[in-house]
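# Architecture and fold: a report
Chain residues, written in single-letter form:
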Amino acid sequence: ENMASRFEKINPALRAYNLTGLIADFTEMMKRELDYVAEGKNADIFRKNFAGDPDICFPKIYWEYSGSKMLVMEYVEGVRVDDVESIKILGYEPKRYAALGFRAYLKMIFEDGFFHIDPHPGNIFVNTDGKMTFIDLGAIAVIRPERRHTFIKLLLAIVNSDVDAIIENFQKLGVRIDPDDMDE
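Residues numbered from 1 in each chain as written. Predicted model: local features only at pLDDT ≥ 70, side-chain atom pairs only at ≥ 80, totals over all residues. Heavy atoms only, no water.

What follows is about the packing of aromatic side chains. Aromatic ring pairs are defined here through the distance separating the ring centres and the angle between the ring planes. Enumeration according to the criterion identifies six aromatic pairs in this entry. Measuring from centroid to centroid gives 4.8 Å for Phe-46 and Phe-58, while their planes differ by 10 degrees, and the two rings are stacked. Of the two residues, Phe-46 sits in helix H3 (residues 36–49) while Phe-58 sits in the loop between strand S1 (56–57) and strand S2 (78–80), which places them 12 residues apart along the sequence. The burial state of Phe-46 is the same as that of Phe-58; both residues are buried. Ring centres of Phe-50 and Phe-58 lie 5.2 Å apart, and the angle between their planes is 50 degrees; on these two criteria the pair is classed as tilted. (Phe/Tyr/Trp six-rings, centres within 6.5 Å; stacked < 30°, edge-to-face > 60°. Helix = DSSP H or I, 4+ residues; strand = E, 2+ residues; numbered from the N terminus. Buried < 20%, exposed > 50% of the residue type's maximum accessible area, 1.4 Å probe, protein only.)

Following this line, the structure appears as C-alpha coordinates:
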(Lines give C-alpha, C1' and ligand atoms only; values in the text may rest on other atoms or scores of the structure.)
Protein backbone atom coordinates (compact mmCIF):
# COMPACT_ATOMS: atom_id res chain seq x y z
CA GLU A 1 0.00 0.00 0.00
CA ASN A 2 2.89 2.36 0.68
CA MET A 3 4.21 1.96 -2.84
CA ALA A 4 0.77 2.62 -4.33
CA SER A 5 0.50 5.75 -2.19
CA ARG A 6 3.87 6.92 -3.48
CA PHE A 7 2.84 6.30 -7.09
CA GLU A 8 -0.30 8.37 -6.51
CA LYS A 9 1.81 11.23 -5.12
CA ILE A 10 4.24 11.08 -8.05
CA ASN A 11 1.45 10.92 -10.63
CA PRO A 12 -1.77 12.52 -9.29
CA ALA A 13 -3.73 11.15 -12.29
CA LEU A 14 -3.38 7.68 -10.72
CA ARG A 15 -5.57 8.78 -7.77
CA ALA A 16 -8.63 8.23 -9.96
CA TYR A 17 -7.78 4.49 -9.93
CA ASN A 18 -7.49 4.31 -6.10
CA LEU A 19 -4.43 2.05 -6.14
CA THR A 20 -4.16 1.94 -2.35
CA GLY A 21 -7.78 0.77 -2.09
CA LEU A 22 -7.26 -1.82 -4.81
CA ILE A 23 -4.23 -3.26 -3.02
CA ALA A 24 -6.03 -3.35 0.35
CA ASP A 25 -8.99 -5.12 -1.29
CA PHE A 26 -6.67 -7.58 -3.05
CA THR A 27 -4.91 -8.41 0.24
CA GLU A 28 -8.23 -9.07 1.96
CA MET A 29 -9.43 -11.18 -0.98
CA MET A 30 -6.29 -13.35 -0.83
CA LYS A 31 -6.89 -14.03 2.88
CA ARG A 32 -10.47 -15.12 2.13
CA GLU A 33 -9.32 -17.19 -0.87
CA LEU A 34 -7.17 -19.34 1.43
CA ASP A 35 -10.02 -20.12 3.84
CA TYR A 36 -11.31 -23.54 2.68
CA VAL A 37 -14.26 -23.65 5.08
CA ALA A 38 -15.50 -20.31 3.71
CA GLU A 39 -14.95 -21.55 0.15
CA GLY A 40 -17.00 -24.66 0.86
CA LYS A 41 -19.79 -22.59 2.39
CA ASN A 42 -19.75 -20.36 -0.68
CA ALA A 43 -20.10 -23.44 -2.90
CA ASP A 44 -23.11 -24.56 -0.82
CA ILE A 45 -24.74 -21.13 -1.21
CA PHE A 46 -24.16 -21.12 -4.98
CA ARG A 47 -25.53 -24.68 -5.27
CA LYS A 48 -28.67 -23.58 -3.43
CA ASN A 49 -29.04 -20.39 -5.49
CA PHE A 50 -28.75 -22.33 -8.77
CA ALA A 51 -30.60 -25.48 -7.69
CA GLY A 52 -33.35 -24.93 -10.27
CA ASP A 53 -31.01 -24.20 -13.17
CA PRO A 54 -30.42 -27.25 -15.40
CA ASP A 55 -27.47 -25.65 -17.22
CA ILE A 56 -25.29 -24.17 -14.46
CA CYS A 57 -23.84 -26.01 -11.50
CA PHE A 58 -21.40 -25.80 -8.61
CA PRO A 59 -19.55 -28.76 -7.11
CA LYS A 60 -20.93 -30.56 -4.08
CA ILE A 61 -18.72 -30.29 -1.00
CA TYR A 62 -18.01 -33.41 1.05
CA TRP A 63 -17.91 -31.86 4.52
CA GLU A 64 -17.09 -35.14 6.24
CA TYR A 65 -13.64 -35.01 4.55
CA SER A 66 -13.15 -31.23 4.49
CA GLY A 67 -11.81 -28.67 6.95
CA SER A 68 -9.76 -25.50 7.21
CA LYS A 69 -6.74 -27.08 5.49
CA MET A 70 -8.45 -29.22 2.86
CA LEU A 71 -11.60 -29.00 0.76
CA VAL A 72 -13.00 -32.12 -0.87
CA MET A 73 -15.57 -31.64 -3.60
CA GLU A 74 -17.15 -33.70 -6.32
CA TYR A 75 -15.01 -34.38 -9.37
CA VAL A 76 -15.78 -32.16 -12.35
CA GLU A 77 -15.21 -33.96 -15.64
CA GLY A 78 -15.06 -31.60 -18.55
CA VAL A 79 -13.03 -28.94 -20.33
CA ARG A 80 -12.17 -25.32 -19.70
CA VAL A 81 -14.76 -22.90 -21.00
CA ASP A 82 -12.17 -21.29 -23.31
CA ASP A 83 -11.25 -24.61 -24.99
CA VAL A 84 -13.48 -24.09 -28.02
CA GLU A 85 -12.30 -27.15 -29.96
CA SER A 86 -12.84 -29.52 -27.04
CA ILE A 87 -16.30 -28.08 -26.43
CA LYS A 88 -17.13 -28.81 -30.09
CA ILE A 89 -15.72 -32.35 -29.73
CA LEU A 90 -18.06 -32.85 -26.75
CA GLY A 91 -20.87 -31.95 -29.16
CA TYR A 92 -21.80 -28.52 -27.80
CA GLU A 93 -21.93 -25.03 -29.28
CA PRO A 94 -19.25 -22.81 -27.65
CA LYS A 95 -21.32 -19.60 -28.03
CA ARG A 96 -23.93 -21.17 -25.75
CA TYR A 97 -21.50 -20.90 -22.84
CA ALA A 98 -20.95 -17.18 -23.33
CA ALA A 99 -24.71 -16.72 -22.98
CA LEU A 100 -24.86 -19.08 -19.98
CA GLY A 101 -22.01 -17.25 -18.24
CA PHE A 102 -23.70 -13.91 -18.84
CA ARG A 103 -27.01 -15.26 -17.53
CA ALA A 104 -25.27 -16.73 -14.48
CA TYR A 105 -23.63 -13.42 -13.62
CA LEU A 106 -26.83 -11.43 -14.09
CA LYS A 107 -28.51 -13.79 -11.62
CA MET A 108 -25.59 -13.73 -9.17
CA ILE A 109 -25.27 -9.95 -9.12
CA PHE A 110 -28.77 -8.59 -9.65
CA GLU A 111 -30.96 -11.35 -8.23
CA ASP A 112 -28.91 -13.08 -5.52
CA GLY A 113 -26.46 -10.31 -4.62
CA PHE A 114 -23.81 -13.01 -4.10
CA PHE A 115 -21.27 -13.53 -6.86
CA HIS A 116 -18.02 -15.24 -7.82
CA ILE A 117 -15.36 -12.56 -8.36
CA ASP A 118 -12.70 -14.73 -10.01
CA PRO A 119 -14.36 -15.84 -13.27
CA HIS A 120 -11.29 -16.67 -15.38
CA PRO A 121 -11.45 -19.66 -17.78
CA GLY A 122 -9.53 -21.90 -15.37
CA ASN A 123 -12.43 -21.62 -12.91
CA ILE A 124 -15.24 -22.38 -15.35
CA PHE A 125 -15.74 -25.74 -17.05
CA VAL A 126 -18.08 -27.28 -19.57
CA ASN A 127 -18.98 -30.72 -18.20
CA THR A 128 -19.32 -33.76 -20.39
CA ASP A 129 -23.08 -33.49 -19.80
CA GLY A 130 -23.08 -29.92 -21.20
CA LYS A 131 -23.45 -28.04 -17.92
CA MET A 132 -21.34 -25.00 -17.08
CA THR A 133 -19.58 -25.57 -13.74
CA PHE A 134 -17.90 -22.91 -11.60
CA ILE A 135 -15.07 -23.86 -9.23
CA ASP A 136 -12.60 -22.07 -6.92
CA LEU A 137 -15.26 -20.22 -4.99
CA GLY A 138 -13.13 -18.65 -2.29
CA ALA A 139 -13.39 -15.14 -3.73
CA ILE A 140 -16.94 -13.81 -3.62
CA ALA A 141 -18.68 -10.50 -3.16
CA VAL A 142 -22.02 -9.65 -1.57
CA ILE A 143 -24.29 -6.84 -2.69
CA ARG A 144 -26.98 -5.71 -0.29
CA PRO A 145 -30.46 -5.46 -1.83
CA GLU A 146 -30.57 -1.68 -1.56
CA ARG A 147 -27.38 -1.38 -3.60
CA ARG A 148 -28.54 -3.66 -6.41
CA HIS A 149 -30.87 -0.94 -7.70
CA THR A 150 -27.91 1.45 -7.95
CA PHE A 151 -25.91 -1.19 -9.85
CA ILE A 152 -28.79 -1.59 -12.30
CA LYS A 153 -28.86 2.18 -12.85
CA LEU A 154 -25.07 2.15 -13.31
CA LEU A 155 -25.31 -0.63 -15.89
CA LEU A 156 -27.99 1.28 -17.81
CA ALA A 157 -25.86 4.46 -17.67
CA ILE A 158 -22.90 2.55 -19.11
CA VAL A 159 -25.03 1.04 -21.88
CA ASN A 160 -26.42 4.51 -22.69
CA SER A 161 -22.97 6.19 -22.45
CA ASP A 162 -24.42 8.64 -19.91
CA VAL A 163 -21.25 9.87 -18.21
CA ASP A 164 -23.10 12.07 -15.68
CA ALA A 165 -25.27 9.14 -14.56
CA ILE A 166 -22.20 6.87 -14.41
CA ILE A 167 -20.43 9.33 -12.08
CA GLU A 168 -23.60 9.87 -10.01
CA ASN A 169 -24.11 6.14 -9.50
CA PHE A 170 -20.44 5.51 -8.72
CA GLN A 171 -20.73 8.18 -6.03
CA LYS A 172 -23.91 6.54 -4.66
CA LEU A 173 -21.87 3.33 -4.39
CA GLY A 174 -19.29 5.14 -2.27
CA VAL A 175 -16.63 5.73 -4.91
CA ARG A 176 -14.97 8.99 -3.96
CA ILE A 177 -13.89 11.06 -6.92
CA ASP A 178 -11.63 13.99 -6.16
CA PRO A 179 -12.95 17.06 -7.99
CA ASP A 180 -9.45 17.59 -9.45
CA ASP A 181 -9.70 14.14 -11.06
CA MET A 182 -13.25 14.47 -12.40
CA ASP A 183 -12.26 15.25 -16.01
CA GLU A 184 -9.99 12.21 -16.17
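Picking up where we left off.
This part is about the packing of helix H6 (residues 145–159) against helix H7 (residues 163–172). Think of two packed helices as two axes; the pair is described by the angle between the axes and how far apart they sit. At a closest axis distance of 9 Å, the pairing of H6 and H7 adopts a crossing angle of 160 degrees. Judged by the angle between their axes, H6 and H7 are roughly antiparallel. Viewed along their axes, H6 and H7 form a crossing whose handedness is left-handed. Facing Arg-147, Thr-150, Lys-153, Leu-154, Ala-157 and Ile-158 of H6, the residues of H7 in contact are Ala-165, Ile-166, Asn-169, Phe-170 and Lys-172. When the residues that make up the contact of H6 with H7 are grouped by side-chain class, the tally is six nonpolar, two polar and three charged. (Axes fitted to C-alpha atoms, helices over the stretch in contact; angles between N-to-C directions. Parallel < 35°, antiparallel > 145°, perpendicular 65-115°, else oblique. Left-handed = near helix turned anticlockwise from the far one by under 90°. Contact = heavy atoms within 4.5 Å. Nonpolar A, V, L, I, M, F, W, Y, C, P; charged D, E, K, R; others polar.)

Bringing empty space enclosed by the protein into the picture now. Per the stated rule, a full pass over the model turns up one cavity of 30 Å³ or more. Its boundaries defined by the atoms lining it, the largest cavity holds a volume of some 30 Å³. Residue lining of the largest cavity: Glu-39, Ala-43, Pro-59, Ile-61, Leu-71, Met-73, Ile-135, Asp-136 and Leu-137, and that is the complete set. The residue makeup of the lining of the largest cavity, split by class, is seven nonpolar, no polar and two charged. (1 Å grid on protein atoms, 1.4 Å probe; cavity = no way out; pocket = protein on both sides within 12 Å on 5 of 7 lines; lining within 4 Å. Points joined across faces, edges and corners; volume = space filled by probe spheres on them.)

Turning to the nonpolar core, a few remarks are in order. Within the largest apolar cluster, 24 residues are counted, with the highest numbers of intra-cluster contacts made by Phe-46, Ile-56, Phe-58, Met-108 and Phe-134. Sorting the residues of this core by element identifies H3, helix H5 (94–112), strand S3 (114–116), strand S4 (124–127) and strand S5 (132–134) as the ones contributing at least two each. For this core, the element with the most residues is H5, which contributes six residues. Setting aside its immediate chain neighbours within four residues, Phe-46 contacts Phe-58, Met-108, Phe-114, Phe-115, His-116, Leu-137 and Ile-140. Core analysis: the next-biggest nonpolar cluster, separate from the first, contains five residues, Ala-157, Ala-165, Ile-166 and Leu-173 among them. (Core = buried A, V, L, I, M, F, W, Y, C linked by side-chain atoms within 4.5 Å.)

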